[in-house]
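Here are the chains, one letter per residue:
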Amino acid sequence: MRIIHCSDLHLDSKMESNLSREQARERKRELLLTFEKMVGYAEEHEVRAIIIAGDLFDTTHISKAAAKLVEEQIAGHPDIDFLYLRGNHEKERFLEGLEEVPQNLKVFGESWSRFSYGNITVTGACLTPENSKNIYDSLVLAQDDVNLVVLHGQESQYDAKDKTEIINIRALQNKYIDYLALGHLHEYKYQKLDSRGSYCYCGCLEGRGFDECGKKGFVLLDIQENKVVPSFIPFAKRTLYEILIDISDCHTTGEIAGKIDEKIAEIDKSSLLKLVLTGEIEMDMDTDAAYLLKRYQQQFYFVKVKDKTRLAVNYEDYRLDQSLKGEFIRLLERADLPQEEKDAVILTGIRALSGEEI
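Summarised in this report is the structure supplied together with it. (Residues numbered from 1 in each chain as written. Predicted model: local features only at pLDDT ≥ 70, side-chain atom pairs only at ≥ 80, totals over all residues. Heavy atoms only, no water.)

Thoughts on the overall build of the protein
Moving on, step 1. Looking only at helices and strands, one finds seven helices and 19 strands in the protein.
Moving on, step 2. Across the protein, every contact between residues at least 6 apart in sequence was considered, and the portion connecting residues at least 24 apart equals 66%.
Moving on, step 3. Split by element, the accessible area of the protein, about 18,200 Å² in all, is 46% carbon and sulfur. (Helix = DSSP H or I, 4+ residues; strand = E, 2+ residues; numbered from the N terminus. Contact = heavy atoms within 4.5 Å. Areas by Shrake-Rupley, 256 points an atom, 1.4 Å probe, with all protein chains shown as cover.)

As structure tokens, then:
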């Protein structure tokens, strides 16, 4: 038997933080298309159930079009059960908006709900302020079953005093869990739970911002002879990358571009890139970030350039310098400013003193 574990799809997300208006609309559609494509993958690979471990939608305000598409995908695949756990970004709006809940949409409640497939049992519950402390005590699983447990929240080794979405990993040990399917973290993570089982964050299905870089997808569980064999399946339409480029040994913008070219040579052109320039640069170096942005925007779906370089200023060299430049740098040395701001002022001032356009 095969089961898909996905979470944090955040369908209907606005996607407005980095993208143009048109790109935001396109990415919003692509999230829905990736969900549709995943359901098609499940059908093709004879998947019996899809676990949605929270945050199917991004907010409680769901567009009718997005809700209808999800409903049609579920109802249109009656041989696949959709085991839906509500996440912290959702309430009951999706379910409330359905004219009729499809028979193959199985919903986990605020106490343990169980769905069985022979000796394979999937058990899950929504964490709330009321049940988060004692819910582990009421989890009773059969030792001879293959047990999958579904939760949504931040892992911890202990209970939290003031957070309701903390999953106490220790409290779930030695309860005959074979696979703990978790949602909330947007990175893939797989670790041992105890001597019998493991726990896994499958990550989000699509990266939406540069805090969600790297391969995204779902986990395919192949269950045979009472063993759960998980495989991470990269599945996103586009991948986000944050790339650090140390330009300390560069002297021109062309040399910087050469370094960037080496870093991005193997990256698919449909990707989204954040290029971060790092290192120490000389005062007379002209780093043309606008040129670099234009250069790589023509090659990739989306690019942003962030200059995090530092000035290699030896203030001792200007102690006795009688020029206007020396006086300017000595003045900045005494200024009570953060180093990053001081570097920016020095660069701007030096360019102005050299007659460059600011």
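There's plenty left to go through after this.
Here's the deal with the sheet that holds strand E12 (residues 198-201)
Moving on, step 1. Taking strand neighbours across the sheet as the criterion, the six strands line up as E5-E6-E7-E10-E12-E11 in an open arrangement whose pairing is mixed. Strands at the two margins of the open sheet, each flanked by one partner only, are strand E5 (113-117) and strand E11 (189-192). On average, each strand axis in the sheet is inclined to that of its neighbour by 20 degrees, with strand direction left out of account.
Moving on, step 2. In terms of strand pairing, strand E10 (residues 179-183) meets E12 through four bridges, oriented parallel. Paired with Leu182 across the two strands is Tyr201, which belongs to E12. (Pairing = 2+ DSSP bridges. Axes fitted to C-alpha atoms, helices over the stretch in contact; angles between N-to-C directions.)

Some points on the pattern of salt bridges
Moving on, step 1. Under the defined criterion, the tally for this structure stands at 18 salt bridges.
Moving on, step 2. Across the salt bridge formed by Glu280 and Arg310, the nearest N and O atoms sit 3.7 Å from each other. Taken together, the positions of Glu280 in strand E17 (residues 280-281) and Arg310 in strand E19 (residues 310-311) put the pair 30 residues apart, joining distant regions of the chain.
Moving on, step 3. Judged by relative accessible area, which is 39%, Glu280 ranks as partly exposed.
Moving on, step 4. The network of salt bridges with shared partners includes Glu26, Arg27, Glu30, Glu206 and Arg238. (Salt bridge = Lys/Arg side-chain N within 4 Å of Asp/Glu carboxyl O. Buried < 20%, exposed > 50% of the residue type's maximum accessible area, 1.4 Å probe, protein only.)

Looking at the sheet that holds strand E18 (residues 302-307)
The pairing of strands in a sheet comes from backbone hydrogen bonds and takes either a parallel or an antiparallel form.
Moving on, step 1. Judged by pairing direction, the sheet is parallel, and its three strands sit side by side in the order E15-E16-E18 without closing on themselves. Either end of the sheet is taken by a strand with one partner, and the two such strands are strand E15 (240-246) and E18. Each neighbouring strand pair of the sheet contributes to a mean axis angle of 15 degrees, computed without reference to strand direction.
Moving on, step 2. The sheet contact formed by strand E16 (residues 272-278) and E18 spans six bridges and is parallel. Directly across from Lys274, in E18, lies its bridge partner Lys304.
Moving on, step 3. Along the sheet, helix H5 (residues 289-297) makes contact with E16 and E18, crossing E18 at roughly 160 degrees.

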